[in-house]
Amino acid sequence: MKKVLMGNEAVAYSLFINGVNVAVGYPGTPSTEVIETLKNFQDDDFYVEWSTNEKVALEIAAGASLSGARSVATMKQVGLNVAADPLLSLSVVGVEGGLIVFVADDPGPHSSQTEQDTRNFARFCNLPVFDPSSPKEAFELIKPAFEISEKYKLPVLFRMTTRVCHSNQSIEFEFKREKRKIKGFEKKPDWVILPALSYIKHMELEQKLQDMKKELSAYNKVEGRGKIGIVTGGVSYFYVKEAIKGFEDLFSILKITVAHPLDEGFILEFAKDKEMLIFIEELDPVLEEEVKLILFENGRIISTYGKRNGYVPFAGELDVDKVKYIFYKVLSDKRFLAKNTFTDVLQIPKRQAQFCAGCPHRSSFLIVKNATKDKDIIFTGDIGCYTLGFAKPITTTDTCLCMGASITMAQGLNIADSSKRVIAFIGDSTFFHSGITGLVNSYYNRHNITICILDNLTTGMTGFQPHPGTGKKIYGEEGRKVSIESIVKGIGVERILLIDPYSDFTENVDKVREFLNDEELGVIVFRRECANLKSRESYFKINKNCSKCRACLKVTGCPAIDEDENGNIFIDSTLCNGCGLCKNFCRYSAIEKVMVK
Ligand code: SF4
Ligand code: SF4
């Protein structure tokens, strides 16, 4: 069959065709579509789930692998930090069935708190890492990734970047699944990590890396015969190909598909007749440092240009114009000055990031904001849609670090200055991901903070995946529902307040104000389903009473409310979700409900 597939879809198809038995992950852009695609496939020896976090996912995949199953754990780059503990131990303990750790890096970053280069994790963990340049290449590399994992009994990292994950390509393949017999778990002392064994296995690991270098080198390739060598990998390879169009004779390209470990002989052979080497890679100078080390250790002196001497930017994505400009800077050849350099790129007006129209989080934040009006409060935020609590006009988020950190940072802030009241905000999926342990710590150590759990009954930011609080599993079938309130009570927290952010605003403000009078540890659960999951029953419109005071616009910042060139306020009926929040701020009874017929 021939199909146009997005990079992540290509990975999913290839995983299924190549007999993956267990696929687990935690949603995170740009990795989410791998599991979203895999869930469309079914077989009697195939299982797929959304796990509560990346560490859980990788440990499930590891367990399945020890029974001989082929498994994959998917995550985004910051998710790998959460899964780093089992990954580092797995590199020493080893695996049985092929285990792929799929990690999507986000140069830019487009939808992440940090830029992070997973190739560094490969160096850190002593593991091989595949770094495909296109969806088609990603599709083709899944099979060898499983085979390498099984041959060397090691997890294999499969790193892609946003552009590869989300670009589309036509791929021709036979949709036929490889059936494998799973041999089952065999008891072995190897699976129990103990210090003495760990030392021996570390030495074995180093030997395995030496052994696999030549084999993995076959996936790297050289193109052209020019005297100027370009070392590149991932999506940067295509930027290079485009940038040197018409001047191919000047260059040779070393395309690195397996970024770690590198085979010294292959690198030296490429470098032997080159006048200089230019390193074109996104994020960290991984190829640059590895290649330079090989050159140095072999007494080879050659001019190099890359990130380390300021020719290539460390941060952000590359593109064709940026790569041309790098060649211009290195070669002082004006022919590489792009007609439209990246500095001339059309500037698109920036849109203020904000909650969707009718988002229950907008109302939850405004309830807390109003209830704490005259108080000096620090608001800690977390990762998810509700990070947007920092945006104007809500401005009720002062910190945001990583998953679960709103609760724990609040405790640190409270320890450092107990005169300050701290209120932490966290979402439902993030609470299950890594908020629970912070709450346990807060209860145990008597950190008297207030925690607001904004429960919109889904993992909204990544595309509405289910989680333990929804009780639904990946296909929408019944799992067991985990109650947030029961967890909170089970820990021992006695002060819990449940709020529907769409119900009477003034009453909710009073309830929260009263709740905050007590300075003991307390949890407020704001529960209302995500506006994007709710079918619309009504919308609101502005009537003739409007005085143009703009209060509704200024206070809520709802994108459905706007003003025309004459200052007339209007509500876009196609955007309005009927939450009724804006009505609370109109003193002129100018906002009225319209039922949808
Ligand atoms: S009712 Fe008001 S606040 Fe709610 S979505 Fe409509 S315009 Fe926005
Ligand atoms: S708050 Fe009421 S009066 Fe003021 S602009 Fe909005 S609709 Fe008009």
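In the block above lies the structure referred to throughout.
Below or above, wherever it landed, is the structure these notes cover.

Rules and cut-offs
Residues numbered from 1 in each chain as written. Chains lettered and ligands numbered in written order. Predicted model: local features only at pLDDT ≥ 70, side-chain atom pairs only at ≥ 80, totals over all residues. Heavy atoms only, no water. Phe/Tyr/Trp six-rings, centres within 6.5 Å; stacked < 30°, edge-to-face > 60°. Helix = DSSP H or I, 4+ residues; strand = E, 2+ residues; numbered from the N terminus. Buried < 20%, exposed > 50% of the residue type's maximum accessible area, 1.4 Å probe, protein only. Lys NZ or Arg CZ within 6 Å of the ring centre and 35° of its normal. Core = buried A, V, L, I, M, F, W, Y, C linked by side-chain atoms within 4.5 Å. Contact = heavy atoms within 4.5 Å. Patch = residues over 30% accessible without salt bridge, like charges linked within 9 Å, V, L, I, M, F, W, Y side chains within 5 Å. Areas by Shrake-Rupley, 256 points an atom, 1.4 Å probe, with all protein chains shown as cover. Salt bridge = Lys/Arg side-chain N within 4 Å of Asp/Glu carboxyl O. Pairing = 2+ DSSP bridges. Axes fitted to C-alpha atoms, helices over the stretch in contact; angles between N-to-C directions. Parallel < 35°, antiparallel > 145°, perpendicular 65-115°, else oblique. Nonpolar A, V, L, I, M, F, W, Y, C, P; charged D, E, K, R; others polar. Near = heavy atom within 4 Å. Right-handed = clockwise from strand over helix to strand, strands pointing away. Expected span 1.5 Å × (residues − 1).

## What to know about the packing of aromatic side chains
Here the structure, examined in full by the defined rule, presents 24 aromatic pairs. Seen from their ring centres, F16 and F46 are 5.3 Å apart, and the 80° between their planes marks the pair as edge-to-face. Of this pair, F16 sits in helix α1 (residues 7–17) while F46 sits in the loop between α2 (33–38) and β3 (47–50); the two residues are 30 residues apart in sequence, bridging distant segments of the chain. Neither residue differs from the other here; F16 and F46 are each classed as buried. Ring geometry for F327 and F336: centres 5.9 Å apart, planes at 75°, overall edge-to-face. Each member of the pair F327 and F336 is classed as buried. Taken together, the aromatic side chains of Y13, F16, F41, F46, F139, F173 and F175 make up a single cluster linked through ring pairs. In this structure, R177 packs its charged tip against the face of F16, placed 4.4 Å from the ring centre. The residue whose ring lies beneath K274 is F270, and the NZ or CZ to ring-centre distance is 4.6 Å.

## Here's the deal with the nonpolar core
Counting 106 residues, the largest nonpolar core has L15, L38, F158 and I280 as the members making the most contacts within it. The leading source of residues in this core is helix α7 (residues 135–152), at 8 residues. Among all residues touching I280, those that are not within four sequence positions of it are I230, V231, T232, G233, S236, V240, V312, L318, V323, I326 and F327. The next biggest cluster of nonpolar side chains, apart from the first, holds 27 residues, and it includes F379, L454, L581 and F585.

## Regarding a nonpolar patch on the surface
A surface patch of nonpolar side chains, about 330 Å² in accessible area, is lined by Y199, I200 and M203. Along the chain, M203 turns up in helix α9 (residues 195–217). A relative accessible area of 47% means that M203 is categorised as partly exposed.

## Some details on the sheet that holds strand β12 (residues 258–260)
Here we have 7 strands laid out as an open sheet, ordered β3-β2-β4-β5-β7-β6-β12, and mixed in their pairing. Since the sheet does not close on itself, it has two edges, and those belong to β3 and β12, each with one partner. Pairing of strand β4 (residues 71–76) with strand β5 (residues 99–105), which is carried by 6 bridges, proceeds in the parallel orientation. Opposite V72, over in β5, you have I100 as the bridge partner. Packing against the sheet, helix α3 (residues 54–66) makes contact with β2 (22–25), β3, β4 and β5, and its axis sits at approximately 165° to β4.

## Some thoughts on the pattern of salt bridges
Counting across every chain of the model gives 44 salt bridges. Among the salt bridges present, the one from E96 reaches K153, with a minimum N-O distance of 3.0 Å. On the criterion of sequence distance, the pair formed by E96 in the loop between α5 (84–93) and β5 and K153 in the loop between α7 and β7 (156–161) is long-range, its members being 57 residues apart. Judged by its relative accessible area of 31%, K153 falls in the partly exposed class. Residue E242 pairs with K245 through a salt bridge whose shortest N-O separation is 3.4 Å. Classification of E242 by relative accessible area gives partly exposed; the value is 38%.

## A short note on the environment of S236
You can see S236 is positioned in helix α10 (residues 236–243). Take S236: its relative accessible area is 1%, and that puts it in the buried class. Spatially, the C-alpha atom of S236 lies 36 Å from that of G68, the residues being 168 residues apart in sequence. Contact partners of S236, with chain neighbours within four places excluded, come to I280, E281, E282 and L318.

## What about the packing of α3 against α5?
Running from amino to carboxyl end, α3 crosses α5 at an angle of 30°, the nearest separation of the two axes being 8 Å. The angle between α3 and α5 places the two elements in the roughly parallel class. The segment α3 lies against α5, with K55, L58, E59 and A62 engaging D85, P86, L87 and L90. Across the contact of α3 with α5, the residue classes break down as 5 nonpolar, no polar and 3 charged.

## Here we look at the side chain of D455
As for its placement among the helices and strands, D455 is situated in strand β17 (residues 450–455). Contacts of D455, omitting those with residues within four sequence positions, involve D428, I484, V525, F526, R527 and R528.

## Description of the site of ligand 1
Around ligand 1 sit 13 residues, and of these C558, C576, C579, G580 and C582 come closest. Residue classes in the shell around ligand 1 are distributed as 9 nonpolar, 4 polar and no charged.

## Side note on the environment of V488
Looking at the element boundaries, V488 is found in helix α17 (residues 484–491). Through-space distance from the C-alpha of V488 to that of G522 is 9.5 Å; in sequence the pair is 34 residues apart. Leaving out residues up to four positions away in the same chain, V488 has contacts with F431, L439, I453, V493, I496 and V523.

## Points about the site of ligand 2
Close contacts around ligand 2 come from 14 residues, with C546, C549, R550, C552 and C586 the closest. For the shell around ligand 2, the class distribution of residues is 11 nonpolar, 1 polar and 2 charged.

## Observations regarding the pairing of strand β19 (residues 522–527)
In terms of burial, β19 is largely enclosed, as 5 of its 6 residues are buried. Bridging between β17 and β19 involves 6 bridges; their strand directions are parallel. Bridging across to β19, I453 finds its partner in V525. Pairing of strand β18 (residues 496–499) with β19, which is carried by 4 bridges, proceeds in the parallel orientation. Pairing of I499 across the sheet is with F526, part of β19. Handedness of the crossover joining β18 and β19 through helix α18 (residues 505–517): right-handed.

## Section: helix α15 (residues 405–416)
The terminal C-alpha atoms of α15, which comprises 12 residues, lie 16 Å apart, in line with the 16 Å expected from a rise of 1.5 Å per residue. Looking at the packing, one finds that the buried side of α15 touches β15 (377–380), β16 (421–427), α16 (428–444) and β17.

## Points about the sheet that holds strand β13 (residues 276–280)
Strand pairs in the sheet, formed through backbone hydrogen bonds, run parallel or antiparallel to each other. One open sheet holds the 5 strands; their spatial order is β9-β11-β10-β13-β14, and the pairing between them is mixed. The outermost strands of the open sheet, each flanked by one partner alone, are β9 (221–223) and β14 (303–305). Averaged over all pairs of adjacent strands, the angle between strand axes in this sheet comes to 20°, irrespective of strand direction. One ladder, built from 5 bridges, connects strand β10 (residues 228–233) with β13; its direction is parallel. Residue pairing in the sheet places I228 in a bridge with M276 of β13. Across the sheet, α10 touches β9, β10, β11 (251–256) and β13, and the angle it forms with β10 is around 145°. Sheet strands touched by helix α12 (residues 286–297): β10, β11, β13 and β14. Its angle to β13, the strand with the most contacts, is close to 155°.

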